[in-house]
Amino acid sequence: MTRDLSPRLLEVVEALPLEPGQRILEIGCGPGAIAREIARRIGDGHVLAIDRSETAIRQAVAGSEAEITTGRLAYRCVAAEDFVLEPGDMPFDLAVAIRVGALDGRHPEAGRLARARIAKALVAGGQLFIDGGEPLKTVAL
């Protein structure tokens, strides 16, 4: 069921330390392909996928009806540097961001803010993975 993923994105998902029941935060989800694949892999876990683009979120929602209906996937339109847990949200086990300018060095000030926000949204010991490794690297929070 990896029909949405390019070989590069499939390699990213396969590199994540995913386990059934986890809560995953995807940052910069675009049209939602990675989020859907992660939701398929974590069983009764939950994925919250965020993007600053309303257009991307509309596309992601349109392509994710089954996963949203089961409660395994939700989307939110928010920039990484503005993200906060909402009342009732539980912290996430890990976060992943692919081609997100605030986290890959293109926008240092936004990155500083985003890392602080992400750290607060993760469980103790939770990790942030970004592209740029083989295929991922961990970002210190």
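Refer to the structure presented above.
Quantities reported herein were computed from a predicted structural model and do not represent experimental measurements.

Describing the nonpolar core
Turning to step 1, where the next piece is worked out: If you look at the biggest cluster of nonpolar residues, it comprises 25 residues, and the most contacted ones within it are Leu16, Ile38, Val47 and Tyr75.
Turning to step 2, where the next piece is worked out: Of all the elements in the fold, those that place two or more residues in this core are α1 (7-15), α2 (33-41), β2 (46-51), α3 (54-62), β3 (73-77) and β4 (92-97).
Turning to step 3, where the next piece is worked out: For Ile38, the residues in contact, after removing those within four places along its chain, are Val13, Leu16, Leu18, Ile24, Val47 and Val96.
Turning to step 4, where the next piece is worked out: Among the nonpolar cores identified, the runner-up in size contains 21 residues, and Ala97, Val100, Leu103 and Val139 belong to it.

A closer look at α1
Turning to step 1, where the next piece is worked out: Considered for burial, the residues of α1 that qualify are Leu9, Val12 and Val13. Burial along α1 is one-sided: seen end-on, the buried residues are contained in an arc of 95°. Turned more than 90 degrees away from the buried face of α1 sit Pro7 and Glu14, all of them exposed.
Turning to step 2, where the next piece is worked out: Of the surrounding secondary structure, the elements contacted by the buried residues of α1 are α2 and β6 (136-139).

Looking at the pattern of salt bridges
Where side chains of opposite charge bring their charged atoms close, a pairing between them can arise.
Turning to step 1, where the next piece is worked out: On inspection of all chains with the given rule, the structure shows 9 salt bridges.
Turning to step 2, where the next piece is worked out: Between Arg40 and Glu37 there is a salt bridge, and its shortest N-O distance comes to 3.2 Å. Of the two residues, Arg40 and Glu37 both sit in helix α2, 3 residues apart, roughly one turn of that helix.
Turning to step 3, where the next piece is worked out: The class of Arg40 is partly exposed, set by a relative accessible area of 22%.
Turning to step 4, where the next piece is worked out: One connected set of salt bridges, linked through shared partners, spans Glu14, Glu37, Arg40, Arg41 and Glu67.

Cut-off values and rules
- Residues numbered from 1 in each chain as written.
- Predicted model: local features only at pLDDT ≥ 70, side-chain atom pairs only at ≥ 80, totals over all residues.
- Heavy atoms only, no water.
- Core = buried A, V, L, I, M, F, W, Y, C linked by side-chain atoms within 4.5 Å.
- Buried < 20%, exposed > 50% of the residue type's maximum accessible area, 1.4 Å probe, protein only.
- Helix = DSSP H or I, 4+ residues; strand = E, 2+ residues; numbered from the N terminus.
- Contact = heavy atoms within 4.5 Å.
- Arc of directions from axis to C-beta.
- Salt bridge = Lys/Arg side-chain N within 4 Å of Asp/Glu carboxyl O.

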